Amino acid sequence: MNRRYRKTIIAGNWKMNKTAGETKKFAEELKAVMPKTKWCDVVVCVPAVNIPAAIKAFKDMRVSVGAQNVFYEKSGAYTGEVSADMLKDLGVKYVIIGHSERRQMFGETDFTVNKKVLAALDAGLHPIICVGESLEQRELGITMELIALQVKSALAGVPAEKLRKCVIAYEPIWAIGTGKTATAEQAAEVCTFIRTTVRHLYGARIARSITIQYGGSMKPGNAFELLGQNDIDGGLIGGASLNAGDFMDIINAANQD
Ligand code: PGA
């Protein structure tokens, strides 16, 4: 983290978990342990159908609600999809784009990720853009090339003044939901590389101000060390964000200088 230049953001990604009732219960549990002062921005990305319940439940807390996906068209015959304007209208602030589960299971590509990023920004949402390599790609030694490709294609056509609304999440696929976390050095190496890539595209000032998260089995036991890295400005947390106590422990781990 480097709070002098950029925001620290701790975001939960609930994936396909929790009903509206469970959302309310989680908010109450979090509220009971959440201090008034805040040292980072807190976001909870809930399933689309639970967005209204989450907006209501987190209303008087300093917690923003995020979505886990968005479609890039504004409206029309796209059965089952949700537009960026619809999310914005509900009070959503952030949207995860290009999560590896969507890339692997729902056919998302660097091309669709880019279109979604542009649509989200157009609607005034903050995209959380996910990038990350598979174990095979890491073992082949092509992690950095792949990350550069994902970052550059996701940001194609994004003007500099809108870049400050973007968050980039480095999520090595081999660490997601596996309990296997990247070491702080591995995570920091790639997050620093992402910042360098952004610097080449947009210059030093903008690169210094963008929030870069790490995601992949982040939990209370490893959050402090990961967040202690200069280029890791937060976390995108799956499993451990489902439990209010664990999530709060990770938020607390962001309280360091
Ligand atoms: P995990 O998920 O924390 O359960 O590994 C992270 C993510 O997929 O964003």
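As shown above, the structure is provided for reference.
Attention here is on the structure that accompanies the text. (Residues numbered from 1 in each chain as written. Predicted model: local features only at pLDDT ≥ 70, side-chain atom pairs only at ≥ 80, totals over all residues. Heavy atoms only, no water.)

As for the packing of helix α1 (residues 20–33) against helix α12 (residues 244–253)
So, step 1. The interhelical angle for the contact between α1 and α12, taken along N-to-C directions, is 45 degrees, at an axis separation of 9 Å. Between α1 and α12, the angle falls in the class oblique. Judged by the sense of rotation from one axis to the other, the crossing of α1 with α12 is right-handed. Listed contacts from α12 to F26, E29, L30 and V33 of α1 are A244, F247 and M248. (Axes fitted to C-alpha atoms, helices over the stretch in contact; angles between N-to-C directions. Helix = DSSP H or I, 4+ residues; strand = E, 2+ residues; numbered from the N terminus. Parallel < 35°, antiparallel > 145°, perpendicular 65-115°, else oblique. Left-handed = near helix turned anticlockwise from the far one by under 90°. Contact = heavy atoms within 4.5 Å.)

With respect to the site of the ligand
So, step 1. In the neighbourhood of the ligand, 13 residues make up the surrounding shell, with K15, H99, E171, G177 and S217 lying closest.
So, step 2. Between an oxygen atom of the ligand and a side-chain N or O atom of H99, the distance comes to 2.6 Å.
So, step 3. G238 is positioned such that a nitrogen or oxygen atom in its backbone is 2.9 Å from an oxygen atom of the ligand.
So, step 4. Calculation on the ligand without its partners gives an accessible area of 280 Å², and the protein chains cover 94% of this total.
So, step 5. Of the residues assigned to the shell around the ligand, the class counts are four nonpolar, seven polar and two charged. (Near = heavy atom within 4 Å. Polar contact = N/O pair within 3.5 Å; in protein donor to acceptor, adjacent residues only side chain to side chain. Areas by Shrake-Rupley, 256 points an atom, 1.4 Å probe, with all protein chains shown as cover. Nonpolar A, V, L, I, M, F, W, Y, C, P; charged D, E, K, R; others polar.)

Focus on the side chain of N50
So, step 1. Topologically, N50 is positioned in the loop between β2 (41–45) and α2 (51–57).
So, step 2. Assessed through its relative accessible area of 5%, N50 is described here as buried.
So, step 3. Here K18 takes part through its backbone oxygen, which lies 2.7 Å from a polar atom of the side chain of N50.
So, step 4. Engagement of the side chain of N50 in a polar contact is seen with the backbone nitrogen of A20, the distance being 3.4 Å. (Buried < 20%, exposed > 50% of the residue type's maximum accessible area, 1.4 Å probe, protein only.)

Section: the pattern of salt bridges
So, step 1. Throughout the structure, instances matching the rule amount to 15 salt bridges.
So, step 2. A salt bridge links D122 to K162, with the shortest nitrogen-to-oxygen separation between them at 3.8 Å. Here K162 lies in helix α8 (residues 160–163) and D122 lies in helix α5 (residues 110–122), a separation of 40 residues in the sequence.
So, step 3. Among the residues examined, D122 registers a relative accessible area of 54% and is labelled exposed.
So, step 4. Residue classification places K162 among the partly exposed residues on the basis of a relative accessible area of 28%. (Salt bridge = Lys/Arg side-chain N within 4 Å of Asp/Glu carboxyl O.)

Quick notes on the environment of I232
So, step 1. Looking at the element boundaries, I232 is found in the loop between α11 (220–227) and β8 (234–237).
So, step 2. Residues I232 and A32, 200 residues apart in the sequence, show an inter-C-alpha distance of 28 Å.
So, step 3. With residues near it in sequence (within four places) discarded, I232 still touches M1, A187, A188, C191, I212, Y214, L226 and L227.

Remarks on unusual backbone geometry
The phi torsion of most residues other than glycine is negative, and most of the peptide bonds are trans.
So, step 1. The phi torsion at K15 lies on the positive side, around 55 degrees, for a residue other than glycine.
So, step 2. Considering the arrangement of structural elements, one finds K15 in the loop between β1 (9–13) and α1.

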